[in-house]
Amino acid sequence: MIKNFELSKPTTSLVSHEICGTIHVVGADSHNIEMMSNVVSKMDSTKTMFPYSVKDDDGQSVGLQNGFFVYVKNILTQEVYVAKAYCDEEVTQADLAKFIVSIELDLKRKLAYNIRCLAVNSPELCFELLSSGDNVKEILARPFGKAAGPSIFGVIRSAFQSREKQNDFVQISEQVLGKDASRHDFIDNFVDLCNAIYNKEGKPDQLKMADKIVDRLLNEICNHNEAKMVNFVREHSQDRTFFKNFVYECLDPEQLSSKAQVTIYVRRKSKEETISKNLGHYRFFTEKGGVQKPLKFGRELSNVYMLMYLIDHVKEPERKQPIDLKRNVEEFKKLYRDLFKDFSNDDHIKDIVSEYFHRKDKYGNLRSGRKSEYIDAIRKTMQEQFEEYNESFLPYIMTGNSHLHVPVDKIVFEEDAKEALLSYNFV
Amino acid sequence: MNDEIFIGFLKWHRREDANFFDVFFHDKELVEKEYIKDEIAFLSEFFGLNEPNIDFESDSPLEVRLNDIQGEIVACINCNTKKLEECGFNNKDAVVASLCHEFSHIYSHGHTYGYCDNEYWEAELYADFMASAVMTALNVAGGKYRYLIGDGKATLTHPYGEYRLRCAKTAREYILSLPPTSKIALEDIESQFLLFLLTNVKDINNYLHDHEEQIEHALDSKEEVKIDYMQYPDSNLIKQYILKHQQNND
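Residues numbered from 1 in each chain as written. Chains lettered and ligands numbered in written order. Predicted model: local features only at pLDDT ≥ 70, side-chain atom pairs only at ≥ 80, totals over all residues.

Q: Would you mind showing me how to read the overall build of chain A here?
A: Scanning chain A from terminus to terminus reveals 15 helices and eleven strands. A total of 427 residues make up chain A; the buried ones form 33% of that total. (Helix = DSSP H or I, 4+ residues; strand = E, 2+ residues; numbered from the N terminus. Buried ≥ 20, exposed ≤ 12 C-beta atoms within 10 Å, placed from the backbone.)

Q: Is there a simple way to think about the overall build of chain B in this case?
A: In terms of regular secondary structure, chain B is built from eleven helices and three strands. Going through the 250 residues of chain B one by one, you find that 40% of them count as buried. Across chain B, every contact between residues at least 6 apart in sequence was considered, and the portion connecting residues at least 24 apart equals 63%. (Contact = placed C-beta atoms within 7 Å.)

Q: Quick question: what am I supposed to make of the packing of helix 8 (residues 161-177) of chain B against helix 9 (residues 186-210) of chain B here?
A: A pair of packed helices is captured by two measures, namely the crossing angle of their axes and the spacing between those axes. Residue and element names in this part refer to chain B. Between helix 8 and helix 9, whose axes approach to 11 Å, the crossing angle comes to 155 degrees. Relative to helix 9, helix 8 is oriented roughly antiparallel. Crossing hand, helix 8 versus helix 9: right-handed. Contacts between helix 8 and helix 9 involve Tyr 163, Cys 167, Thr 170, Ala 171 and Tyr 174 from the first element and Gln 192, Phe 196 and Ile 204 from the second. Along the lines of polarity and charge, the residues of the contact of helix 8 with helix 9 split into six nonpolar, two polar and no charged. (Axes fitted to C-alpha atoms, helices over the stretch in contact; angles between N-to-C directions. Parallel < 35°, antiparallel > 145°, perpendicular 65-115°, else oblique. Left-handed = near helix turned anticlockwise from the far one by under 90°. Nonpolar A, V, L, I, M, F, W, Y, C, P; charged D, E, K, R; others polar.)

Q: Help me understand unusual backbone geometry in this model?
A: Most peptide bonds take the trans form, and the phi angle of most residues other than glycine is negative. Unlike most non-glycine residues, Asn139(B) shows phi in positive territory, near 65 degrees. With respect to the helices and strands, Asn139(B) occurs in the loop between helix 6 (119-137) and helix 7 (143-150).

Q: I would appreciate a short explanation of the nonpolar core in the present structure.
A: Among soluble globular proteins, nonpolar side chains are generally buried collectively. Ranked by size, the top nonpolar core spans 92 residues in total, and within it Phe68(A), Cys100(B), Phe129(B), Met130(B), Leu197(B) and Leu198(B) carry the most contacts. Looking at which element gives the most residues to this core, the answer is helix 6 of chain B, with twelve residues. For Cys100(B), the residues in contact, after removing those within four places along its chain, are Leu43(B), Ala131(B), Val134(B) and Met135(B). (Core = buried A, V, L, I, M, F, W, Y, C linked by C-beta atoms within 7 Å.)

Q: So what exactly am I meant to see when it comes to the packing of helix 6 of chain B against helix 8 of chain B here?
A: Residues and elements named next belong to chain B. Packing of helix 6 against helix 8 brings their axes to within 8 Å, and their N-to-C directions diverge by 35 degrees. The element helix 6 and its partner helix 8 pack so that their crossing is right-handed. Contacts from Glu 124, Leu 125, Asp 128, Phe 129, Ser 132, Ala 133, Thr 136 and Ala 137 in helix 6 reach Tyr 163, Arg 164, Cys 167, Ala 168, Ala 171, Arg 172, Tyr 174, Ile 175 and Leu 176 in helix 8.

Q: Hey, could you run me through the sheet that holds strand 7 (residues 282-288) of chain A in this one?
A: Strand-to-strand pairing in sheets goes through backbone hydrogen bonds, with the strands running parallel or antiparallel. Residues and elements named next belong to chain A. With respect to topology, four strands assemble into an open sheet ordered 8-7-6-11, the strand pairing being mixed. Edge strands, defined here as strands with exactly one partner in the open sheet, are strand 8 (291-295) and strand 11 (411-413). Direction aside, neighbouring strands of the sheet carry axes that sit 25 degrees apart on average. Note: strand 7 against strand 8, five bridges, orientation antiparallel. Bridging from a neighbouring strand, Lys 288 pairs with Val 291 of strand 8. (Pairing = 2+ DSSP bridges.)

Q: Would you mind going over the confidence of the model for chain B with me for this structure?
A: Low-pLDDT stretches of the model should not have their predicted coordinates read in fine detail. Residue and element names in this part refer to chain B. Scored by pLDDT, chain B comes out at a mean of 82, with 92% of its residues at no less than 70. Averaged pLDDT values over the elements of chain B bottom out at 73 in helix 10 (residues 212-216) and peak at 90 in helix 8. Among the scores for the predicted complex, ipTM is 0.76 and pTM is 0.60. (pLDDT = per-residue confidence, 0-100.)

Q: What exactly am I supposed to notice about the pairing of strand 4 (residues 67-73) of chain A here?
A: Within a regular strand, side chains alternate between the sheet's two faces. Residues and elements named next belong to chain A. The buried count for strand 4 comes to six of seven residues, which makes it a mostly enclosed element. Where strand 2 (residues 22-26) lies against strand 4, three bridges are found, and the strand directions are antiparallel. Paired with Val 26 across the bridge in strand 4 is Gly 67. Inspection of the sheet shows strand 4 paired to strand 5 (residues 80-87) by seven bridges, in the antiparallel sense.

Q: Could you clarify how one ought to interpret helix 5 (residues 92-108) of chain B in this entry?
A: For the α-helix, the turn length of 3.6 residues means that residues three or four positions removed from each other point alike. Over its 17 residues, helix 5 of chain B runs 24 Å from end to end, which matches the ideal 24 Å to within 8%, given 1.5 Å per residue. In terms of burial, helix 5 of chain B is a largely internal element, 15 of the 17 residues being buried. (Expected span 1.5 Å × (residues − 1).)

Q: So what exactly am I meant to see when it comes to the environment of Ser58(B) here?
A: Residues and elements named next belong to chain B. On the secondary structure map, Ser 58 appears in the loop between strand 1 (53-55) and strand 2 (62-69). C-alpha of Ser 58 to C-alpha of Ile 77: the two residues are 19 residues apart in sequence and 9.2 Å apart in space. With residues near it in sequence (within four places) discarded, Ser 58 still touches Asn 78, Cys 79 and Asn 80.

Q: Looking at this structure, how should I read the environment of Asn303(A)?
A: Residue and element names in this part refer to chain A. Counting through the fold element by element, Asn 303 comes out in helix 11 (residues 300-315). Among the residues examined, Asn 303 registers 27 C-beta atoms within 10 Å and is labelled buried. Along the sequence, Asn 303 and Leu 339 sit 36 residues apart, while their C-alpha atoms lie 9.1 Å from each other.

Okay, structure coming up:
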């Protein structure tokens, strides 16, 4: 079984391109080698990047006892890599299959990244390359499979119409995001975004609007004010969800959390206050620079949900995964009862919990639950309020696949509520 | 040999290697919703997945839907026990087998490797392979399941039955070739699937291209025709079989 796989630059520069695709098998007997040659001969070479072949090797040149190595090249950049797989016991045909698929997936990801960068830095060259008749185009036209990542080659339209815009973009994204991996992700998303905008071909008004959006986004990215960006997108874009996701994806809440200045307070309602329909017996506040504002989410369950995350974040600040409600139904019910003092019967809460996961439409068909609605309500309220503070709200919200990122000292449970709230344990 | 054990052995054998009659007339069991729920809970744990939602009032016999909710994949299994039974998944083992198939889809998140020209086919073959291997490992009889998948025609979403059957059999053979005490990892099964895929993809793609037109219209021409066997002469074997079965039930 393959224990370790790596694709790296070879240490020697004397690798001939002709040997690319010859898989060197280390630690297999002659019968096994024959079986592997049989596997390779049965493969469809039009579906793989190279016509593979198998060869016996002692593995000394790369320091292998059991495993495979092969030289491969990136067809776009012509860079040569060596792919190595270490096995803890004698290699099998299944290991060979896994090795080949791993190489191809890694190369495809590299290729996709190269093309995206090329599309950003030099669209003309990218167009030229993809419209050329050579084997690059042929290989790129092959289905890559979902395992290689999201759609890759639909990006090339006139994503950037002028050289100035391209330069601006590269410069700004470097300033804001540095040159690390997050910038790469950003570039990936940005080109897809532009593609989505410019795909609306033949409608000059929309293209004009798209131009404005790109300009505005570039400016806003420079100022790093995602609240304004989201607002702008919400007002103007034709495809809100896409823009919203884009903005959330390209900004890292963990980084932003170091700059967080707003504190969230949770306390029990005082005797003078009435029981709120949505907030029950608790109250949320946000505070920055001595200014306090009440925080109230539009949906009853959003308040319970937020409180659940706040408690869990205070107790387990290192947890990155969202809370799985299915495993915490009992604690959730307890918290709900505590908030709303609803001890009448269990049915109401049962309905709430089941609707969280799925519910039925008017035709009786099953549709997705209300989870996204609860999260959206939290996001909307936070966004509006944090805009007034001119602060980033992203560290303060959870998403479908992430927990809160706010520093723990920015969450305060007041004395009257602390003991009760910290008694909850979510797993 | 004790009669009960012998009958049990015959039953097991028939389930492992089933024909048309075994599938539709023998070894029928009532599969209750509670049983399906329990199996779903067990398989969720086995595959290391969150327990999917279940809807028992679906129009289709059994299917899984993967919804992307705020970046989190949430699976929902739609099941109609009556229709499932009509399709031949009429005992506990067959139902568990089909659940294994759906869980394999959830496990892979619908990801494919891009070697097969029709991505749906690749995903189905993956699920057949995984399901068959898991069933064998769990000692679940897969005769009905294999008969049913092997009997299907090629459509845009499902490959030709012969390939599915070949895939399921390869997976079974792989598990049976392992020493009985060895631990089976899902990753290893995936590697075996890749081997199957790479060595069979040429055939599968050729079939796809040769029958493209036929496959595209496969679903259009699929009309359910009920055959009234009673109109056939008494010498008809199926008619005889049905009559005998009815008599036994009475």
